[in-house]
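Tertiary structure, described
These are the residues of each chain, in order.
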Amino acid sequence: AQSVTQLGSHVSVSEGALVLLRCNYSSSVPPYLFWYVQYPNQGLQLLLKYTTGATLVKGINGFEAEFKKSETSFHLTKPSAHMSDAAEYFCAVSGGLEKSSGDKLTFGTGTRLAVRP
Amino acid sequence: EAGVAQSPRYKIIEKRQSVAFWCNPISGHATLYWYQQILGQGPKLLIQFQNNGVVDDSQLPKDRFSAERLKGVDSTLKIQPAKLEDSAVYLCASSLDGGYTIYFGEGSWLTVV
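Numbering of residues starts from 1 in each chain and follows the order in which that chain's sequence is written. The naming scheme follows written order: chains are lettered A onward, ligands numbered 1 onward. Restriction of local features to residues with pLDDT of at least 70 applies here, the model being predicted, together with a cutoff of 80 or more for giving and counting side-chain atom pairs; totals for whole chains, interfaces and linings are based on all residues. In computing side-chain properties, one takes all heavy atoms of the structure into account and sets aside hydrogens as well as water.

Structural notes on the overall build of chain A
- For the purposes of this entry, the term helix denotes a DSSP run of H or I that reaches at least four residues, the term strand denotes a run of E that reaches at least two, and both are numbered from the N terminus. Across its full length, chain A holds zero helices and 11 strands.
- Along the chain direction, N to C, the helices and strands of chain A fall in the order β-β-β-β-β-β-β-β-β-β-β.
- Computation of the radius of gyration draws on C-alpha atoms alone. For the globule rule, the value is 2.2 Å times the number of residues to the power 0.38. On C-alpha atoms alone, chain A measures out to a radius of gyration of 14 Å, which is about the 13 Å that the 2.2 N^0.38 rule sets for 117 residues.
- With respect to the principal axes defined by its C-alpha atoms, chain A has extents near 45 × 30 × 20 Å.

Quick word on the confidence of the model for chain B
- Across the chain, each position has a pLDDT score giving the predictor's confidence in that residue, from 0 to 100. Scored by pLDDT, chain B has a mean of 92; 96% of the residues are at 70 or more.
- Per-residue pLDDT, averaged within each element of chain B, yields its smallest value for strand S6 (residues 53–56) of chain B (90) and its largest for strand S8 (residues 75–79) of chain B (98).

A closer look at the packing of aromatic side chains
- To pair, rings of Phe, Tyr and Trp, with the six-membered ring standing in for Trp, must have centres within 6.5 Å; the planes then decide the type, stacked if under 30 degrees apart, edge-to-face if over 60, and tilted in the middle. Within this structure, the stated rule accounts for 14 aromatic pairs over all chains.
- Ring centres of Tyr25 of chain A and Phe67 of chain A lie 6.0 Å apart, and the angle between their planes is 35°; on these two criteria the pair is classed as tilted. Of the two residues, Tyr25 of chain A sits in strand S3 (residues 19–27) while Phe67 of chain A sits in strand S7 (residues 64–68), which places them 42 residues apart along the sequence. Phe67 of chain A shares its class with Tyr25 of chain A; the two are buried.
- An aromatic cluster of three or more residues is present, and its members are Phe34, Tyr36, Phe90 and Phe107 of chain A together with Tyr33, Tyr35 and Phe104 of chain B. Type-normalised accessible area, obtained with a 1.4 Å probe on protein chains alone, sets the label of each residue: buried when under 20%, exposed when over 50%, and partly exposed for intermediate values.

Things to note about the pairing of strand S4 (residues 32–38) of chain A
All names here are of chain A.
- Of all seven residues that make up S4, seven are buried, and the element is covered over most of its length.
- Because side chains alternate across S4, one face comprises the buried residues Tyr32, Phe34, Tyr36 and Gln38, and the other comprises Leu33, Trp35 and Val37, equally buried.
- Strand pairing is assigned whenever DSSP detects at least two bridges linking the two strands. Pairing between S4 and strand S5 (residues 44–50): six bridges, direction antiparallel. Note on S5: the bridge partner recorded for Val37 is Gln45.
- The turn linking S4 back onto S5 is made up of five residues, and Asn41 within it adopts a positive phi angle of 60°.

What to know about the pairing of strand S8 (residues 73–78) of chain A
Residues and elements named next belong to chain A.
- A large share of S8 lies buried, amounting to five of its six residues.
- Looking at chain direction, S3 and S8 are connected through four bridges and run antiparallel. If you follow Leu21 over to S8, its bridge partner there is Leu76.
- Once S7 ends, the chain turns through four residues before running back antiparallel as S8, passing Thr72 with a positive phi of about 45°.

Thoughts on the state of the cysteines
All names here are of chain A.
- Two cysteine sulfur atoms form a disulfide, by the criterion used here, when they sit within 2.5 Å. All told, the structure shown has two disulfides over all chains when counted by the stated rule.
- Bridging Cys23 to Cys91, the disulfide has an S-S length of 2.0 Å. Measuring the twist about the S-S bond at about -65°, one finds the Cys23-Cys91 disulfide to be left-handed. Within this pair, whereas Cys23 is found in strand S3, its partner Cys91 is found in strand S9 (residues 87–94), the two being separated by 68 residues in sequence. An identical accessibility class is assigned to Cys23 and Cys91; each is buried.

Observations concerning the nonpolar core
- Definition used in this section: a nonpolar core is a set of buried Ala, Val, Leu, Ile, Met, Phe, Trp, Tyr and Cys residues joined via side-chain atoms within 4.5 Å. Core analysis: the largest hydrophobic core is formed by 27 residues, its most contacted members being Trp35, Leu47, Leu48, Phe74, Leu76 and Tyr89 of chain A.
- Elements that contribute at least two residues to this core include exactly strand S2 (10–14), S3, S4, S5, S7, S8, S9 and strand S11 (111–116) of chain A.
- Grouped together as the second largest cluster of nonpolar side chains are 21 residues, Val4, Ile13, Ile26 and Leu32 of chain B included.

Right under this line is the structure:
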């Protein structure tokens, strides 16, 4: 079974400041990890994913995340926030190659990012 | 490439009424999912199809929710009778078999009054 914990339901940063959204996971098998973004009244859009290989993953819109197995973390960062980054961000985990878990995604509760002018 | 299509986008019904949501996945995607997203929470999987067979429906409230995917393409999610706590966004998603990238539709927003 997998689970995801997102620390901080609301994060507020100034435009141009570093964005750091925290995600910790629990998984009994090597996980696949994802970050999705949800803009108001829209569905979920994939930002980036980690499956295997390089632990630093780059995604769209300047976001990146680093898989740290020792810390069971997959935090999302962006060096400089833009107003357009204001949205809800969801971290998710799947069971990767574990057939019993399959590719079902288990989501965290989300972090709402606000960007101040 | 067309994305995952869902309809209707918005629906308001009274409790005890019924409602149905439709989903057309990305062409060629064998796996289809229905997720429920309650306000302030992350999406929760209701049911997963592989072609027209059910892979996982362990969190589907089967006394009131039903879903089908005839012919392995489009899918319909039905709620009957609806309860107030069913107010949520119902997200349909699809993926290629084993692709591990899941694409979501824009969701169907249900309000039960």
